[in-house]
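Analysis of the macromolecular model
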Amino acid sequence: MNKKLIVLSVDSLFDEDMEFLKTLPNFKKILEKGSYVQGGMRSVYPSFTYPAHASIITGTWPEFHGVYHNEHLDVGNPAPEWFWYHKDLKVDTILDVAHRNGFTTACVGWPCMGADPNVDWLVGEIWPENDKVDPRPILNSASSANMLEPGGVLERHWHKLRKTTQPFMDHMMVGCSCDIIRRYKPDVMFIHLAHLDHTRHANGVHGAAVDQAIIANDDWLGRLMEATMDAGTYEQTNFAVISDHGHLDVKQMFNPNVLLVREGLITLDENGAIKSWKAYCNSASLSCQVVMKDPSDRETREKLEKILYEMREHYEYGVESVFTKEEVQREYHLTGAFEYVLEGTRATSFGAQCSGPVLVQPDNSDYKFSVSSHGHLPHKGPQPVFIMSGPDVQENVVIPRQRIIDEAPTFAKLLGFTLPDAKGVALKELLR
């Protein structure tokens, strides 16, 4: 098989960055000979990294692939497990189908892909609870055995992982990716880098730190291209530079669980931890998924609905909309372990505190509680990029905004097969 594809997801790279990308050597190289979607791609709801990347790699919506949040629901746990593993997905990915069609596959740092048996060379995205814990055992659990061999890819790059923070994670992931390209020459490779997203969370949507993070990603893209040159596969490799969501600045955090405690739907112990609960607001940063312990409890449902709609009436809380589970499934193809969804106004995110003030300032203690964030309705704000270049891609074709669920069908079309589970469509006008 002659066709090769490398998909690089630069987390939170979006359409407002395009003019800057055109000034950087490696992004410029891709753009000059490639094609792109003007105005970016419509993401999914919530516009979170894991639901979006699951949609990108499966070509379908959260209601079908099953990843509705970054994290599994674990009421009261400040550090719940994420949707780390391939087993969490309810449909096939493009890598599953590519593998069955005889392509060799590689995946580095891609969300929801841990321990995927259909990836020939896999470095999972998974990390321990904090950076004081040795990340190797848990990362090993998500990676393919051939990455763990003595003298293997991971052993060569452990030294870059000084902490499980950025940019150290991305330095390691890029090093691993380049080694996999040089050693194994995979046919289809998916890579995810998150340094830019972390920088925006900590510093705001735009600024000097963000520009430096984009420049770092330009260098990493160049290293990947150089690796294909070393491997002798550059001329036959199609490159796609994509992203998952936008960002919005955050001015305040609203803690709806404080109100649920006041109304008796959450009970705290003497240490302020949740002792019992009937309803709980699970932050998705700029939106919030509201859970009921017993969805059949009509009395609690009536009380909860009254509280939620009263939240919306208090303009200062920053609740723009209250959606039922049925509404978000019908309108945004989202379902999961929740009964309602709260959408914040442009400058409001949702906190998780159950005591203290109802309104606080973002504190950067977690990605959900930072000065710039996402998780909002996907039509708001900047949109994620989609750029392609290579021997099987048209040159200088620009098309209007599409959807991230159209990306996997486009890649499959380029490679010569279809995705049975996909709901998106191939962007044929970008392909030769």
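Look up: the structure comes first, before these words.
The rules behind each value
- Counting restarts for each chain, with residues numbered from 1 along the sequence as it is written.
- Totals for whole chains, interfaces and linings use every residue, but because this is a predicted model, local features are given only for residues with pLDDT of at least 70 and side-chain atom pairs only at 80 or more, for both listing and counting.
- In computing side-chain properties, one takes all heavy atoms of the structure into account and sets aside hydrogens as well as water.
- Each helix is a run of DSSP H or I of at least 4 residues and each strand a run of E of at least 2, with the numbering of both proceeding from the N terminus.
- Under the scheme applied here, a residue whose accessible area is under 20% of the maximum for its type counts as buried, over 50% as exposed, and between as partly exposed, the area being computed with a 1.4 Å probe on protein chains only.
- Under the convention used here, a 1.4 Å probe and the Shrake-Rupley method define accessible areas, while residue burial counts only the protein chains that appear.
- In this charge count, Lys and Arg are treated as positive and Asp and Glu as negative; neither His nor the chain ends contribute.
- Throughout, a charge is located at the NZ atom of Lys, the CZ atom of Arg, the CG atom of Asp or the CD atom of Glu.
- Polar contacts, as counted here, are pairs of nitrogen or oxygen atoms within 3.5 Å of one another; within protein the pair requires one atom able to donate a hydrogen and one able to accept it, and residues that are adjacent in sequence qualify only if both atoms are side-chain atoms.
- Any two strands with at least two DSSP bridges between them are considered paired.
- Any pair of residues with heavy atoms lying within 4.5 Å of one another is described as a contacting pair.
- Axis definition: a line fitted to C-alpha atoms, over the contacting stretch in the case of helices. Angles run 0 to 180 degrees between N-to-C directions.
- For this document, the term salt bridge refers to a Lys or Arg side-chain nitrogen within 4 Å of an Asp or Glu carboxyl oxygen.
- Here a cavity is any set of points on a 1 Å grid over the protein atoms alone where a 1.4 Å probe fits but cannot get out, and a pocket is any open set with protein on both sides within 12 Å along at least 5 of 7 lines; a residue lines the site when it has an atom within 4 Å of a point.
- Grid points are joined across faces, edges and corners, and a volume is the space filled by probe spheres set on the points.
- Polar here means any residue other than Ala, Val, Leu, Ile, Met, Phe, Trp, Tyr, Cys and Pro, which are nonpolar, and Asp, Glu, Lys and Arg, which are charged; Gly is therefore polar.

**Section: the overall build of the protein chain**
If you tally the helices and strands in the protein chain, you get 14 helices and 21 strands. Its C-alpha atoms give the protein chain principal-axis dimensions of roughly 65 × 45 × 45 Å. When burial is assessed residue by residue, the protein chain has 60% of its 432 residues classed as buried. Summing over all exposed atoms, the protein chain offers an accessible surface of approximately 16,800 Å²; the carbon and sulfur share of this is 48%. Seen as two clouds, the 42 positive and the 58 negative side-chain charges of the protein chain have centres 2 Å apart.

**A look at helix α14 (residues 407–415)**
Of all 9 residues that make up α14, 8 are buried, and the element is covered over most of its length. Along α14, the residues classified as buried are Glu407, Ala408, Pro409, Thr410, Phe411, Ala412, Leu414 and Leu415. Following α14 by one or two positions, Gly416 has its phi on the positive side, about 100°.

**Some details on the side chain of Lys380**
Relative to the elements of secondary structure, Lys380 occurs in the loop between β18 (372–373) and β19 (386–389). Within the structure, the side chain of Lys380 is placed 3.0 Å from the backbone oxygen of Gly344, a separation counted as a polar contact.

**Some thoughts on the sheet that holds strand β6 (residues 188–193)**
Reading across from one edge, β5-β4-β6-β1-β7-β19-β2-β20 is the order of the 8 strands in this open sheet, with mixed pairing throughout. With partners counted over all chains shown, the strands left at the sheet margins are β5 (121–123) and β20 (398–399), one partner each. Strand direction decides the pairing type here: strand β2 (residues 35–37) and β19, joined by 2 bridges, are antiparallel. Looking across to β19, one finds that Ser35 is bridged to Met388. Lying over the sheet, helix α2 (residues 25–33) contacts β2, β7 (237–242) and β19, oriented at roughly 75° with respect to β19.

**Things to note about the environment of Lys380**
For Lys380, a relative accessible area of 12% corresponds to the buried category. Taking C-alpha positions, Lys380 is 8.2 Å from Gly246, a pair spaced 134 residues apart along the chain. For Lys380, the residues in contact, after removing those within four places along its chain, are Leu248, Glu320, Glu343 and Gly344.

**Details of the sheet that holds strand β9 (residues 252–254)**
The pairing of strands in a sheet happens through backbone hydrogen bonds and is either parallel or antiparallel. Reading across the sheet, the 3 strands line up as β16-β9-β17 and stay open at both edges, with mixed pairing between neighbours. The open sheet terminates on both sides in strands that have one partner only, identified here as β16 (348–350) and β17 (359–360). Bridge count for β9 against β17 is 2 bridges, and the pairing is antiparallel. Residue pairing in the sheet places Met253 in a bridge with Val360 of β17.

**Section: the pairing of strand β4 (residues 105–108)**
Residues Thr105 and Cys107 point to one face of β4 and Ala106 and Val108 to the other, with burial holding for every one of them. Of the pairings in the sheet, the one linking β4 to β6 comprises 4 bridges and is parallel in character. Bridged to Cys107 within β6 is Phe190. Summarising the sheet, β4 and β5 pair through 3 bridges and their orientation is parallel. By the bridge assignment, Ala106 is partnered in β5 with Trp121.

**Things to note about the pattern of salt bridges**
This structure, assessed with the given rule, holds 20 salt bridges. Between Arg432 and Glu395 there is a salt bridge, with the nearest N and O atoms lying 3.8 Å from each other. Of this pair, Arg432 sits in the segment after α14 while Glu395 sits in the loop between β19 and β20, placing them 37 residues apart in sequence. Glu395 gets classed as partly exposed once you look at its relative accessible area, which sits at 40%. Taken together, the salt bridges that share partners define one network made up of Glu71, Asp366 and Lys368.

**What about empty space enclosed by the protein?**
Inspection of the entire model under this criterion finds 1 cavity of 30 Å³ or more. Forming the walls of the largest cavity are Lys4, Ile6, Ile181, Lys185, Pro186, Met189, Thr228, Thr233 and Thr237. In terms of residue class, the lining of the largest cavity is built from 4 nonpolar, 3 polar and 2 charged.

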